[in-house]
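One-letter residues, chain by chain:
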Amino acid sequence: MEEFYSPRIAIENIFQKNLIGIDIDTRAKQLATFALLMKAASKDKTFLDAKVMPRVFDMPAPFVYPCPAEEFFSQYGISGETAIKECVDAFELLRQANNLGSIMKFNISEQTRFTIAKQTTEWGTKEYVPEAIKAAIPSMKMILALTDKYTAVVANPPYMGSSNMNTFLNQYVQEKYSLGKSDLFSVFMLLGFSLSIPKGRVGMITMQSWMFLLVFKSIREEILNNMNIESLLHLGPHTFDELSGAVVQNVAFIISIDSPHKQTLFYRLVNGQNCSDKERLFLEEECVFKDKSQSDFSEMLYQT
């Protein structure tokens, strides 16, 4: 709006170009969509008509081909043996969408991705869209979302140790995310890094165990050697008032996909007895280390 966009156009651009969200839980998708629409309506009441929706996706339903796969993708507008095979493989992986969620990795070339994006946009402008094409569009949008690169990636990832993963999930994680295979939250850390552009930023709140345990040594090395920790809040226990005890112990961080070169803000907030207490310690800067680089913490991060 400072650059003379109307509130309506500004919000439409944010919804259509600047923000995208994915969740495995349909209810979480609905709540996020509602929250964004309410925020938009607070800036421009015309958004109460919900004619322009934010890009918030849940997992698409498994697609049923109405004809041979090669023929269907040709009808969609995908041409060439390689591109069609990439789409077939991607749709096969999407059958595990409710199992894998956002950690799915699609082997899609830039040319195929460009074609998918172009054809999906074109189908969205047509008055008549065949039912099979309409049913495939959510899958195409998911492929596009998870093969794009982003300036900022933000998540509160799920926690699940490898011993609790089902066979397919466990094998997939070991194959595609070997550095973080011990827990889903570390898998999502690697996902965030892979989705970021160079010098992009990843902000997450996760379990604190990746900072200390031997099983996370490889991911610590990856971060220390190849990325820049811009800020880190060691929250420890009692981060969430809704969770009693010290079972869930957290850390929040912003990591840039850049070589280590900046001073880092480290906050040690583990002594805060509840959420409000940790907020007070943070705002009063009682427990901040301002003149530190991440290399100063190498001994801690390399603990075994």
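On a predicted model such as this, the values are computed, not experimentally measured, just so you know. (Residues numbered from 1 in each chain as written. Predicted model: local features only at pLDDT ≥ 70, side-chain atom pairs only at ≥ 80, totals over all residues. Heavy atoms only, no water.)

### Digging into the overall build of the chain
Here is step 1: Counting its secondary structure elements, the chain contains twelve helices and eight strands.
Here is step 2: With the C-alpha coordinates of the chain rotated into their principal frame, the extents come out at 60 × 50 × 40 Å.
Here is step 3: Here the chain holds 304 residues, and the buried ones make up 44% of them.
Here is step 4: The long-range fraction of contacts in the chain, counting pairs at least 24 apart against all pairs at least 6 apart in sequence, stands at 70%.
Here is step 5: Accessible surface, the chain as shown: approximately 16,900 Å² in total, 54% of it carbon and sulfur.
Here is step 6: Side-chain charges of the chain comprise 30 positive and 35 negative groups, with the mean position of each set lying 2 Å from the other. (Helix = DSSP H or I, 4+ residues; strand = E, 2+ residues; numbered from the N terminus. Buried < 20%, exposed > 50% of the residue type's maximum accessible area, 1.4 Å probe, protein only. Contact = heavy atoms within 4.5 Å. Areas by Shrake-Rupley, 256 points an atom, 1.4 Å probe, with all protein chains shown as cover. Lys, Arg positive; Asp, Glu negative; His and termini not counted. Charge placed at Lys NZ, Arg CZ, Asp CG, Glu CD.)

### Considering helix α8 (residues 167–176)
Here is step 1: The complete set of buried residues in α8 reads Leu169, Asn170, Tyr172 and Val173. With its buried residues spanning 165 degrees around the axis, α8 presents them on a single face. Summarising the geometry of α8, the exposed residues directed more than 90 degrees from the buried face are Thr167, Gln171 and Glu175.
Here is step 2: Lining the buried residues of α8 we find α4 (81–93), α5 (97–100) and α9 (184–195).
Here is step 3: Capping the start of α8 is the job of one residue whose side-chain oxygen sits 3.3 Å from the backbone nitrogen of phenylalanine 168: asparagine 166. (Arc of directions from axis to C-beta. Polar contact = N/O pair within 3.5 Å; in protein donor to acceptor, adjacent residues only side chain to side chain.)

### Structural notes on the packing of aromatic side chains
Here is step 1: For the structure shown, the criterion picks out 16 aromatic pairs.
Here is step 2: Ring plane angle 80 degrees and centroid distance 5.6 Å describe the contact between phenylalanine 63 and phenylalanine 91, whose orientation is recorded as edge-to-face. Taken together, the residues span a long stretch of sequence, with phenylalanine 63 in the loop between β2 (56–57) and α3 (69–76) and phenylalanine 91 in helix α4 at a distance of 28 residues.
Here is step 3: The interplanar angle of 75 degrees and the centroid separation of 5.8 Å between the aromatic rings of tyrosine 65 and phenylalanine 73 together place this pair among those described as edge-to-face.
Here is step 4: An aromatic cluster is defined as three or more aromatic residues linked by ring pairs; in this entry it consists of Phe63, Tyr65, Phe72, Phe73, Tyr76, Phe91 and Trp123.
Here is step 5: Here the basic side chain of lysine 105 rests over the ring of tyrosine 177, its NZ or CZ set 4.5 Å away from the ring centre. (Phe/Tyr/Trp six-rings, centres within 6.5 Å; stacked < 30°, edge-to-face > 60°. Lys NZ or Arg CZ within 6 Å of the ring centre and 35° of its normal.)

### Comments concerning the side chain of threonine 206
Here is step 1: Tracing the chain through its elements places threonine 206 in strand β4 (residues 196–207).
Here is step 2: Using a relative accessible area of 0% as the deciding quantity, one classes threonine 206 as buried.
Here is step 3: When sequence neighbours within four positions are dropped, the list of residues in contact with threonine 206 reads Pro157, Tyr159, Phe185, Met189, Gln249, Asn250, Val251 and Phe253.

### Things to note about the pattern of salt bridges
Here is step 1: Counted under the stated rule, the structure contains twelve salt bridges.
Here is step 2: Note that aspartate 58 is salt-bridged to lysine 29, the shortest N-O span being 3.8 Å. Taken together, the positions of aspartate 58 in the loop between β2 and α3 and lysine 29 in helix α2 (residues 26–43) put the pair 29 residues apart, joining distant regions of the chain.
Here is step 3: In this structure aspartate 58 comes out as buried when scored by relative accessible area, which is 18%.
Here is step 4: Relative accessible area serves as the criterion here: at 25%, lysine 29 is assigned to the partly exposed category. (Salt bridge = Lys/Arg side-chain N within 4 Å of Asp/Glu carboxyl O.)

### What to know about the environment of tyrosine 150
Here is step 1: Relative to the helices and strands, tyrosine 150 is located in strand β3 (residues 150–155).
Here is step 2: Residues tyrosine 150 and isoleucine 20, spaced 130 residues apart in sequence, show a C-alpha to C-alpha distance of 9.7 Å.
Here is step 3: The residues touching tyrosine 150, leaving out its near neighbours within four places in the chain, are Ile20, Ala145, Leu195, Ser196 and Ile197.

### Topic: helix α1 (residues 7–18)
Here is step 1: Looking only at α1, the buried set comprises Arg8, Ala10, Ile11, Glu12, Asn13 and Phe15.
Here is step 2: Looking at the buried residues of α1, the elements they touch are α2.

### With respect to the nonpolar core
Here is step 1: Counting residues in each nonpolar core, the largest one holds 65 residues, and the members touching the most others are Ile103, Met104 and Trp210.
Here is step 2: Once residues within four sequence positions are removed from consideration, isoleucine 103 is found in contact with Leu169, Tyr172, Val173, Tyr177, Leu184, Val187, Phe188 and Leu191.
Here is step 3: One finds Leu235, Tyr267, Leu281 and Val288 within the second-largest nonpolar core, a separate group that totals eight residues. (Core = buried A, V, L, I, M, F, W, Y, C linked by side-chain atoms within 4.5 Å.)

### Here we look at unusual backbone geometry
Here is step 1: The phi angle at lysine 199 is positive, at roughly 70 degrees, despite the residue not being glycine.
Here is step 2: Within the secondary structure, lysine 199 sits in strand β4.

### Here's the deal with the state of the cysteines
Here is step 1: A complete count under the given rule lists zero disulfides for this structure.
Here is step 2: Of all cysteine sulfurs in the structure, the one in cysteine 87 sits closest to cysteine 67, which takes part in no disulfide; the separation is 14 Å.
Here is step 3: The class of cysteine 67 is buried, set by a relative accessible area of 18%.
Here is step 4: No disulfide involves cysteine 275; its sulfur sits 15 Å from the nearest other cysteine sulfur, which is in cysteine 287. (Disulfide = S-S within 2.5 Å.)

Shape descriptors only; they carry no functional weight alone.
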